[in-house]
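Architecture and fold: a report
Listed here are the chains, written in short residue letters.
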Amino acid sequence: RAQTEARNKELMKLDWRCWKQLADEGYFQKAEDDLTAAARLEHEVHGESDRYASLLHALAALYDKRSYDDVTGQSNVLSLTSAQYAEESLNIRMQIQAKDENRKPSKEEELLLADTMVLYGNSLANYALEVQGTPKVPQSKAFEDGKRYVAAGLDIRTRLGDQKTIPENTFTLGYVYFCHAQCLWGHPKQKHVYSVDENDTAESLYKSCLQFYFQAAGLYAERDGEEAEGSIRMVCNVALATSQMAEINADYFGDAEQWYGKAIAI
């Protein structure tokens, strides 16, 4: 009993942000176990609280990171799990705000909401890109919701002037379009599977992707300098997207060569 009480006390004090350090150190299972136990206890004691939503967000972020590091072929399952946790976290935050319409959310609360929106949209796109067999979430819905939520998160950050993550969020929105374009490019006869809008084409989606990639590249360079890791990675992403466009439209070959040359020069 004493051990249980001590453990519960520890869980009630657990900082939901701990997931990142544990994940970076390779302790994925410990992070999952601690966060899951803390979330369960928080819900038992306080119901669907703000901290409960934050713990669910942390689990979503953890599964998102695991999906990128996965070598077992389960990245689509991990991305779906991430999206499910993020969706639940979002719903709770929105319910909390709706209960007190006269109370204005703090900047921190709005930024947390934006974080979860972007994470949710990104995970949906990764799931739709990688899923095999019968999907649990239709790919067309996943891509549309992905764009909508990442854009909403970016709108919040832009309105609040949060320069720390606007470049990353802008890239993420372009990435969702890139994933969507990849699916249409690879499966041109299955547009109905991947798109709600019948006017979608691989070329139109790559163009939208590049619009945000170009913007993000400028924002990274402005914030961090052209030789910073994030800026270099963004140049490589632009080069990849322009090379994909060049496969569809030869007019983009010059742009692809230019961006690959820039990436190599850096």
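When helices and strands are counted, the protein chain shows 12 helices and 0 strands. Ordering the α and β elements of the protein chain from the N terminus gives α-α-α-α-α-α-α-α-α-α-α-α. Over its C-alpha trace the protein chain gives a radius of gyration of 20 Å, about what one expects of a compact globule, namely 18 Å for 266 residues. Counting over 266 residues, the protein chain shows a buried share of 48%. The contacts of the protein chain with a sequence gap of at least 6 include a subset with a gap of at least 24, amounting to 68%.

For helix α8 (residues 166–186), spanning 21 residues, the distance from its first C-alpha to its last is 30 Å, which sits close to the expected 30 Å at 1.5 Å a residue. Of all the 21 residues making up α8, 16 are buried; the element is thus mostly covered by neighbouring parts of the structure.

This next bit is on the nonpolar core. Counting residues in each nonpolar core, the largest one holds 74 residues, and the members touching the most others are Leu 35 and Tyr 213. Discounting residues that sit within four places of it in the chain, Tyr 213 has contacts with Phe 171, Gly 174, Tyr 175, Phe 178, Met 234, Asn 237, Val 238 and Ala 241.

As for its position among the elements, Asp 33 is in helix α3 (residues 28–46). Residue Asp 33 is classed as partly exposed on the basis of its relative accessible area of 41%.

A few words now on the pattern of salt bridges. In total, this model carries 22 salt bridges according to the counting rule given. Two residues, Asp 50 and Arg 93, come together in a salt bridge whose shortest N-O distance is 2.8 Å. Of the two residues, Asp 50 is situated in helix α4 (residues 50–69) and Arg 93 in helix α5 (residues 75–99); the sequence distance between them amounts to 43 residues. The class of Asp 50 is partly exposed, set by a relative accessible area of 36%. In this structure, the salt-bridge partner of Asp 162 is Arg 157, at a minimum N-O distance of 2.3 Å. By the burial criterion, Asp 162 is buried, and Arg 157 matches it. Three or more residues are tied together by salt bridges with common partners; here these are Arg 7, Glu 10, Lys 30 and Asp 34.

Another point: the packing of aromatic side chains. Considering all chains together, one arrives at 7 aromatic pairs under this definition. With a centroid separation of 6.1 Å and an interplanar angle of 35°, the aromatic rings of Phe 171 and Tyr 175 are classed as tilted. Residue Phe 171 and its partner Tyr 175 are located together in helix α8, separated by 4 residues, close to a single helical turn. Of the residues examined, Tyr 175 reaches a relative accessible area of 15% and is grouped as buried.

Take Glu 32: it is sitting in helix α3. When residues no more than four places from it in sequence are discounted, the contact partners of Glu 32 are Leu 59, Leu 62, Tyr 63 and Arg 66.

What follows concerns the packing of helix α7 (residues 139–160) against α8. How two helices sit against one another is set out by the angle between their axes and by the gap between those axes. Two elements in contact, α7 and α8, have axes whose closest approach is 9 Å; the angle formed by their N-to-C orientations is 165°. Taken together, the axis directions place α7 and α8 in an arrangement best described as roughly antiparallel. Viewed along their axes, α7 and α8 form a crossing whose handedness is left-handed. In contact with Phe 143, Glu 144, Gly 146, Lys 147, Val 150, Ala 151, Gly 153, Leu 154, Arg 157 and Thr 158 of α7, α8 contributes Ile 166, Asn 169, Thr 170, Thr 172, Leu 173, Val 176, Tyr 177, Cys 179, His 180 and Cys 183. Classifying every residue of the contact of α7 with α8 gives 10 nonpolar, 7 polar and 3 charged.

Right, let's talk about the side chain of Asn 76 for a bit. Secondary-structure assignment places Asn 76 in helix α5. You can call Asn 76 buried: its relative accessible area is 14%.

Let's shift gears to the state of the cysteines. Using the criterion set out here, one finds 0 disulfides in the structure. Here Cys 209 is not cross-linked by a disulfide; its sulfur's nearest cysteine counterpart is in Cys 179, at 8.8 Å.

Locating Leu 22 in the fold gives a position in helix α2 (residues 18–24). A residue is classified by how much of its surface remains accessible, and Leu 22, at 13% relative accessible area, is buried. Put simply, Leu 22 and Gln 215 are 193 residues apart on the chain and 33 Å apart in space, counted from C-alpha to C-alpha. In this view, Leu 22 contacts Tyr 27, Phe 28, Lys 30 and Ala 31; residues no more than four positions away in its chain are not counted.

Parameters at a glance
Position labels on residues start from 1 in each chain and follow its written sequence. Local features in this predicted model are restricted to residues whose pLDDT is 70 or higher, and side-chain atom pairs enter the listing and the counts only when it is 80 or higher, whereas totals over whole chains, interfaces and linings include all residues. With hydrogens and water stripped out, all remaining heavy atoms of the structure feed into the side-chain values. Under the scheme used here, helices are H or I runs from DSSP no shorter than 4 residues and strands are E runs no shorter than 2 residues, and both carry numbers assigned from the N terminus. Radius of gyration: over C-alpha atoms. The globule rule applied is 2.2 Å multiplied by the number of residues raised to the 0.38 power. Summary of the burial criterion: residues with accessible area below 20% of their type's maximum are buried, those above 50% are exposed, and those between are partly exposed, where the area comes from a 1.4 Å probe applied to protein chains only. Note on contacts: a residue pair qualifies if any of its non-hydrogen atoms lie within 4.5 Å across the two residues. The span expected for a helix works out to 1.5 Å for each residue beyond the first. We call a set of buried Ala, Val, Leu, Ile, Met, Phe, Trp, Tyr and Cys residues a nonpolar core when their side-chain atoms join them within 4.5 Å. Here, a salt bridge means any Lys or Arg side-chain nitrogen found within 4 Å of an Asp or Glu carboxyl oxygen. The pairing test for Phe, Tyr and Trp rings, Trp by its six-membered ring, is centres within 6.5 Å, and the orientation test on the planes gives stacked under 30 degrees, edge-to-face over 60, and tilted for anything in between. Where helices are involved, their axes are fitted lines through C-alpha atoms of the stretch in contact, as for all axes, and angles between N-to-C directions lie from 0 to 180°. If an angle is under 35 degrees, it is roughly parallel; if it is over 145, roughly antiparallel; if it lies from 65 to 115, roughly perpendicular; otherwise it is oblique. Note: crossing handedness is left-handed where the near helix turns anticlockwise from the far helix by less than a right angle, and right-handed where it turns clockwise. Gly falls in the polar group here, along with every residue not listed as nonpolar (Ala, Val, Leu, Ile, Met, Phe, Trp, Tyr, Cys, Pro) or charged (Asp, Glu, Lys, Arg). Here, the term disulfide refers to a pair of cysteine sulfur atoms separated by no more than 2.5 Å.

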